[in-house]
Amino acid sequence: MAEHYSSFQRGTWRWLFQRLTAVFLVGALGFHFVLLHFVNHAAEISFMGTQARMDQIGYFSLMVVFLVTAAFHGINGVYNALINQGLKGTQRRVVAGVLTLAGVLLVGQGTYVALHMNGFL
Amino acid sequence: MSSSYDRGTVESFGRWQEFSAGMWAWVLHKFTGWILIGYLFTHIAVLSTATQSPEMYTDTLQGLEELVIVRFLEIGLLAVAVFHILNGVRLLMVDLGIGLGSQDKSFYASLVLTAVIALASIPTFLGGVF
Amino acid sequence: MHEHDVIVVGAGGAGLRAAIEAHEEGADVALVTKLHPVRSHTGAAEGGINAALHPEDSWDLHAYDTMKGSDYLGDAPAIDAFAQEAPDEVIQLEHWGMPFSREEDGTVSQRPFGGLSHPRTTYAGAETGHHLLHTMYEQVVKRGIEVYDEWYVSQLAVTEEDDPDERTCYGAVAYEIATGEIHGFYARDGVILATGGLGEVFDHTTNAIACTGDGQAMAYRAGAPMEDMEFVQFHPTTLPSTGVLISEGVRGEGGILYNDEEERFMFEHGYANNEGELASRDVVSRAELTQINEGKGIEDEYVHLDMRHLGEERILDRLENILHLAEDFEGVDGLDEPMPVKPGQHYQMGGIEVDEYGQTCIDGLYAVGECACYSLHGSNRLGGNALPELMVFGSRAGRHVAGAVGEEPEIPTGPGAKSENGSIDAPVNLGGVADPDPVATDGGELATPQDVLEATVEAERERVETLLERDGINHADVREKVQKTMTENVNVFREESNLKQALKDIREARELYQEVAVRDPSRTYNTDILHTIETRNVIDCAEAITVGALAREEFRGAHWRMKHQERKDDEWLKHTMYAWNDGKTDLYYKPVILEGEEQTYEPKERSY
Amino acid sequence: MSTQVTEQTETETEEQTEEQSPGERRREKKEQLQREREQEKSDLLDEAEETVELKIFRYDPEVPEKEEPRFDSFEVPFFEGMTVLDALIYARDTYDSSLTFRHSCRQAVCGSDALFINGKQRLGCKTQMVDLEWPIRIEPLPHQEVVKDLVVDMEHFYEQMHAVEPYFDPDELPDGEREEQRQTPENREKVKLSTRCIWCGACMSSCNVAAGDNQYLGPAAINKAYRFAMDEREGTDRKEDRLRIIEQEHGVWRCQTQFSCTEVCPKDIPLTEHIQELKREAVKSNLKFW
Ligand SMILES: Cc1cc2nc3c(=O)[nH]c(=O)nc-3n(C[C@H](O)[C@H](O)[C@H](O)COP(=O)(O)OP(=O)(O)OC[C@H]3O[C@@H](n4cnc5c(N)ncnc54)[C@H](O)[C@@H]3O)c2cc1C
Ligand code: HEM
Ligand code: SF4
Ligand code: F3S
Ligand code: FES
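No experiment lies behind these values; they were computed from the predicted model shown. (Residues numbered from 1 in each chain as written. Chains lettered and ligands numbered in written order. Predicted model: local features only at pLDDT ≥ 70, side-chain atom pairs only at ≥ 80, totals over all residues. Heavy atoms only, no water.)

**Q** Teacher, can you tell me more about the UniProt feature "active site" (unreviewed entry) in chain C here?
**A** Residue and element names in this part refer to chain C. In this structure's numbering, the residues bearing the UniProt feature "active site" (unreviewed entry) are Arg-281. Mapping Arg-281 onto the fold places it in helix H8 (residues 281-296). When its relative accessible area of 5% is taken as the criterion, Arg-281 is described as buried. Excluding anything up to four places from it in sequence, Arg-281 contacts Phe-113, Gln-233, Phe-234, His-235, Pro-236, Glu-248, His-346, Arg-381, Gly-383 and Gly-384. Within the local environment of Arg-281, its side chain forms a polar contact with the side chain of Glu-248, the two groups lying 2.5 Å apart. (UniProt positions renumbered as here; feature names shortened; annotations may be inferred. Helix = DSSP H or I, 4+ residues; strand = E, 2+ residues; numbered from the N terminus. Buried < 20%, exposed > 50% of the residue type's maximum accessible area, 1.4 Å probe, protein only. Contact = heavy atoms within 4.5 Å. Polar contact = N/O pair within 3.5 Å; in protein donor to acceptor, adjacent residues only side chain to side chain.)

Structure, rendered in structure tokens:
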């Protein structure tokens, strides 16, 4: 029955990281929402404001980490959901590839945008 | 000869009327998770305007914010995020083996809290569009 | 055709144990069972499993208690073997992982039980049988023993010599429930019957609906006599509406019986001045019914069993599932109120006559577990003695069939053991109905084992065809008739006129049975056919019980006769035997063996 | 007692039948019995204060009228304390002997009669009719193939149970003759609930994940693995092996904590809790390797 018996169980790590990222996301997403919808009204957002925040290295790195964790959490979540629906074999490898690629693009593009925002680029 | 009747997944899943709390929580968590990741992609796409020019970024964002529909969508997004967070916390507790006996109550609590928070945020979100 | 060294029919505790042992001895074993093994009724046993484990306890004390409990109708060779091997078997179970209840130091717990001179009932909560059954099934899975589950064995392939002593059993015929196909099973070394009890003969019973006495009836019709069938144990504490058992463990832990007037009648009315509620089952059952008949029952039907004074903690720790049973099946909260209880059929002491290795008089045919009678329990079984019986004799038979036993058995079997003819004044004919009987076949007579098997398979096919094709009455009506008369007339209290009435009713049922037919035309999972065949077995068992009860004119153990209020050792220290030969029945007796290994058991008065 | 009365009528019938042939006599008896039964049945229906309607799923691949699955209705008298199994037996024995379902113990230990009753997996014998909404709808367990009427194919369930190596397998046994292995009462308490499983399959049937992924071990099998993994009498090596089995591809990670297994389990086994505990155990044991 069991498919692989190595001590490195992919299932374990993905499961564990899904939870760990979730814990981080509770704080990060909460903070993000409160800051950009309640403290600063979304309607009043302008590049100036964004840049001011992004110039702080702490805030900037938080946002990047936020992006990375959210991307992992979201994409791994989607992947899990598909596996649970019985995705296997080649199909599954293809989906894994596509999702990883999407994740990398998302994080890449996001970081690229962020670098624009803090004026680095 | 014996043979048997396979009721198929469709019929099996057609039993959603008979779902219990934990099953609904699962469905909703999935649903909200997918919306969130979808939104993340859109969100980055919109923010990408920043790479063109600061003005375009500001215009796009403020332009979107002027649309009533976007304001409503934002309330929806908040609700989705809040539910996903609350139920996510509930799931984390379940993973730690805490309070499994009241998993159904905590699910209902997540729903109620989500509704309350979403309703309470309406003035903030809708402020200034009308 | 399927071929194995050993075919074990039935996968309750006894069957599983036999299969494991035969397998350990190198035999190729198959378990053929009408229920999946874990659905066997052994799973219902609650109270515990007796074994002299403590250093202060000893096997001969256990043997003595068992003999006393049997009211001196047990055979010493069986009792001695049993008491000696029970501790090994219990430890074996522990080594197989059975989750016994534990003491603080990590050793297995034992509790007191009715009729025992030492607390030697090992238990696993109040669900000992469940754990025993599952533990052994797990071992069967571990060993990869082949299991044909949901295959109904309906017939034994036995040669047809006139003298049953000379017959040989070559296998069995099984009906595959899922497909309706009939298969022959050729057994190179032997067939072990382990089909369990026959509670379905009565309508108020703690037994499962699948306990229909199949093994007893099959072996009986093949020529192995039934022994001591009149001894039916009625358990004093069953729930009135369903017959679900409230374990003796409740009384073992200190539960008290009260009548309608809140009297602790076991003491106050002197039924058992020393042991009270913990007196042996027959004593308590009769006490309850006497109270009820005297109008001191609650709603004229039952008495109360109270365990509230034990305290919630102790109850939850040791008797938790009793709370669930009372709640689910009677709607009563045992922590809050006393539980209603009344006597119900519980255990069949008698069964297929076998020696202390489980061999019947037919070569290659064995029987173990509740369907067998090595004469261990005699006229009354002590609580907690059946589970070790399954283990001890299951393993002995398994060893024997695999050829690993050198000794000669001491208990004689078959017509050769007859000491005396019996006779009763039966109001009707007994045994087979005169007409050719297409729905109740016996074995075939042929040269090679395969021929015998083939002929039996053919006969069985014909029987099933006939049942399916013709028109007739529903077996359920016949079964109900038997159950009703047995409950009314062959219950705890027995009177001659009632017993005769029962014989008439059974005869009538037998004749009606000639008209049964199966309405369901399907071959797929046809339970109608199975139940119809089972009903035939119920009838044979009912007759044997009633004949025995009518013959035995004394009061011994579970058997009570209105006009014969004392134990008559001069006349009745003998086993009642009832044999079937080609439709004709024979009642006779064989002596009880009281000379044991360490002691010769002297019949004493049985008082508690 | 009514013995005397019965005896009288008995002798009467016997006298009057003496000249008849056995065949005739039997037919007469049969008719008489049928009349009696019918009378009894209608008496029962009258006597009962209420009757319940059962809507029962019917299917038989071999019988033309039943090839297309359908629901049959049965009217059954209601008595206090009556369970769904009692009602099914009544319907079968009284109206239609081809009505097929598994049953045996009547006391929730054999696990034969897990059914889909009013939209929930329950044991027929453990479900009081009064606790249900009437009419009562009875179907075979969902997510399993139906063999006939209420009987489903359990083979797959058994395979999953067997897949977790469901047998005690200690690293070593005590040397002494007749010496048991020690187990603390606390440890027994820990595995106690998990040992109660009666293999009824209700949990597996209720789990959406198991429905979607046929290879998923399912809550019952995982619980079985828990029963051994947590038993301190088995050594640590064996425990590692057991964790390897349950954290495989179709093992514990599949569980989405839907809780329906826990809700339907007739033995009140906290299945989700056990599955979650095994997930944590697996993580812990993997962290050790890191
Ligand atoms: C409610 C209850 C509580 C009890 N409590 C205790 C207790 O605490 N202590 C104690 O020592 N004893 C107790 N007993 C007694 C004891 O449990 C039984 O005597 C014992 O379990 C019988 O086991 P068995 O293996 O002989 O039969 P069973 O467990 O009944 O098994 C019979 C097997 O035979 C199979 N079978 C039957 N007919 C056929 C056929 N025609 N073809 C194929 N297979 C067939 C069945 O499928 C089943 O697998 C209790 C009994 C009951 C009813
Ligand atoms: C803010 C705090 C968050 C918490 C506490 C949280 C928690 C969780 C948890 C515990 C799971 C796993 C469910 C399971 O496998 O059983 C999950 C799944 C998921 N999450 Fe989150 N999450 C959070 C934020 C987000 C965000 C920001 C996104 C989007 C980017 C997201 C997208 C997803 C997706 C797509 C799934 C998979 C859903 C499925 O099973 O189909 N989550 N979440
Ligand atoms: S875990 Fe519960 S529901 Fe599942 S098979 Fe076992 S007893 Fe039945
Ligand atoms: S229902 Fe299924 S998803 Fe998990 S908690 Fe139970 S196994
Ligand atoms: S009949 Fe045994 S569990 Fe219901």
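After that view, the rundown keeps rolling.
**Q** Would you mind going over the site of ligand 1 with me for this structure?
**A** Residues and elements named next belong to chain C. For ligand 1, the set of nearby residues contains 38 residues, the closest of which are Thr-33, Ser-40, Thr-42, Glu-370 and Leu-387. In the complex, the protein chains occlude 98% of the 1,000 Å² of accessible area that ligand 1 would expose alone. If you list the elements that add at least two residues to the shell around ligand 1, you get helix H1 (13-24), strand S2 (29-33), strand S7 (151-158), strand S14 (339-348) and helix H11 (386-401). Partitioning the shell around ligand 1 into residue classes produces 16 nonpolar, 17 polar and five charged. (Near = heavy atom within 4 Å. Areas by Shrake-Rupley, 256 points an atom, 1.4 Å probe, with all protein chains shown as cover. Nonpolar A, V, L, I, M, F, W, Y, C, P; charged D, E, K, R; others polar.)

**Q** What's the story with the coordination of the iron atom of ligand 2 in this structure? I'm lost.
**A** Octahedral metals with six donors have ideal donor angles of 90 or 180 degrees. Tetrahedral metals with four donors have an ideal donor angle of 109.5 degrees. For the iron atom of ligand 2, the full set of protein donor atoms is His-73 of chain A (NE2) and His-84 of chain B (NE2), at a range of 2.0 Å. Considering all six donor atoms around the iron atom of ligand 2, the spread of angles at the metal, 81 to 180°, places the coordination shape in the octahedral class. With His-73 of chain A in helix H3 (residues 57-84) and His-84 of chain B in helix H5 (residues 68-96), the pair connects residues from two separate chains. We classify His-73 of chain A as buried; its relative accessible area is 15%. For His-84 of chain B, a relative accessible area of 14% gives the class buried. (Donors = N, O, S within 2.8 Å, 3.2 Å for Na, K, Ca; no water. Tetrahedral: all angles 85-135°; square planar, octahedral: opposite > 155°, others 65-115°.)

**Q** What is the right way to look at the environment of Val-82 of chain B in this model?
**A** Residue and element names in this part refer to chain B. Mapped onto the elements of the fold, Val-82 is located in helix H5. Between the alpha carbons of Val-82 and Ser-48 there is a distance of 25 Å; along the sequence they are 34 residues apart. Once residues within four sequence positions are removed from consideration, Val-82 is found in contact with Thr-114 and Ile-117.

**Q** Can you help me understand the sheet that holds S14 of chain C in this one?
**A** Sheet strands line up and pair through hydrogen bonds in the backbone, either parallel or antiparallel. All names here are of chain C. With antiparallel pairing, the four strands of this open sheet are ordered in space as S11-S14-S13-S12. Either end of the sheet is taken by a strand with one partner, and the two such strands are strand S11 (232-238) and strand S12 (256-258). When the angles between neighbouring strand axes are averaged without regard to direction, this sheet yields 45°. Where S12 lies against strand S13 (residues 303-306), three bridges are found, and the strand directions are antiparallel. Looking at S13, one finds that Ile-256 is bridged to Asp-306. (Pairing = 2+ DSSP bridges. Axes fitted to C-alpha atoms, helices over the stretch in contact; angles between N-to-C directions.)

**Q** Hey, could you run me through the arrangement of the chains in this one?
**A** With five pairs of chains in contact overall, the contact-richest pair is chains C and D. The closest approach of any C-alpha atom in chain A to one in chain C is 16 Å; the two make no contact.

**Q** Hey, could you run me through the packing of aromatic side chains in this one?
**A** Each pair of aromatic rings is reported with the distance of its centres and the angle of its planes. For the structure shown, the criterion picks out 25 aromatic pairs over all chains. Look at Tyr-148 of chain C and Trp-151 of chain C: their rings are 5.0 Å apart centre to centre, the planes differ by 70°, and that puts the pair in the edge-to-face class. Accessibility classification places Tyr-148 of chain C together with Trp-151 of chain C in one group, the buried group. Ring geometry for Phe-157 of chain D versus Trp-199 of chain D: centroids 6.5 Å apart, planes at 80°, classification edge-to-face. A residue pair is termed long-range when its members are at least 10 positions apart, and Phe-157 of chain D in helix H4 (residues 155-163) and Trp-199 of chain D in the loop between helix H5 (185-192) and helix H6 (202-206) qualify at 42 residues. Considered together, Phe-157 of chain D and Trp-199 of chain D belong to a single accessibility category, that of buried residues. The rings of Tyr-137 of chain C together with Phe-157, Tyr-158 and Trp-199 of chain D are connected pair by pair, giving a single aromatic cluster. A cation over a ring is seen here: Lys-418 of chain C above Tyr-588 of chain C, with NZ or CZ 5.0 Å from the ring centre. (Phe/Tyr/Trp six-rings, centres within 6.5 Å; stacked < 30°, edge-to-face > 60°. Lys NZ or Arg CZ within 6 Å of the ring centre and 35° of its normal.)

**Q** Help me out: how do you make sense of the UniProt feature "domain: FAD-dependent oxidoreductase 2 FAD-binding" (unreviewed entry) in chain C in this one?
**A** As annotated by UniProt and renumbered to match this structure, "domain: FAD-dependent oxidoreductase 2 FAD-binding" (unreviewed entry) occupies residues 5-387 of chain C. Each end of residues 5-387 of chain C is marked by a C-alpha atom, and these two atoms are 26 Å apart; helix forms 29% of the span and strand 22%.

**Q** Sorry if this is basic, but what is going on with the sheet that holds strand S4 (residues 120-123) of chain D here?
**A** All names here are of chain D. With mixed pairing, five strands are arranged side by side in an open sheet as S2-S1-S5-S3-S4. Unpaired on one side and paired on the other, strand S2 (70-78) and S4 mark the two borders of the sheet. The mean inter-strand angle of the sheet, taken between neighbouring strand axes irrespective of direction, is 35°. Pairing analysis gives nine bridges linking strand S1 (residues 50-58) to S2, with the strands arranged antiparallel. Within S2, the position partnered with Phe-57 by the bridge is Phe-71. Here helix H3 (residues 84-94) sits on the sheet in contact with S1, S2, strand S3 (114-117) and strand S5 (136-139), set at roughly 105° to S2.

**Q** When you look at the interface of chain C and chain D in this model, what are you seeing that I'm missing?
**A** Reports often express the size of an interface as the amount of accessible area lost when the parts come together. Chain C puts 85 residues into the contact, and the matching count from chain D is 75 residues. Between chain C and chain D, roughly 7,100 Å² of surface is buried when both sides are summed, and carbon and sulfur atoms account for 47% of that area. Its largest share of buried area at the contact with chain D, chain C owes to Arg-39, His-95 and Ile-209 of chain C, together 10% of the area lost on that side. The salt bridge involving Asp-328 of chain C is made with Lys-126 of chain D; its shortest N-O contact spans 3.7 Å. Counting across the interface, chain C meets chain D through 44 residue pairs in polar contact (both at pLDDT 80 or more). Looking at side-chain class alone, the side of chain C that touches chain D contains 26 nonpolar, 29 polar and 30 charged residues. (Buried area = accessible area lost by both parts, 1.4 Å probe. Salt bridge = Lys/Arg side-chain N within 4 Å of Asp/Glu carboxyl O.)

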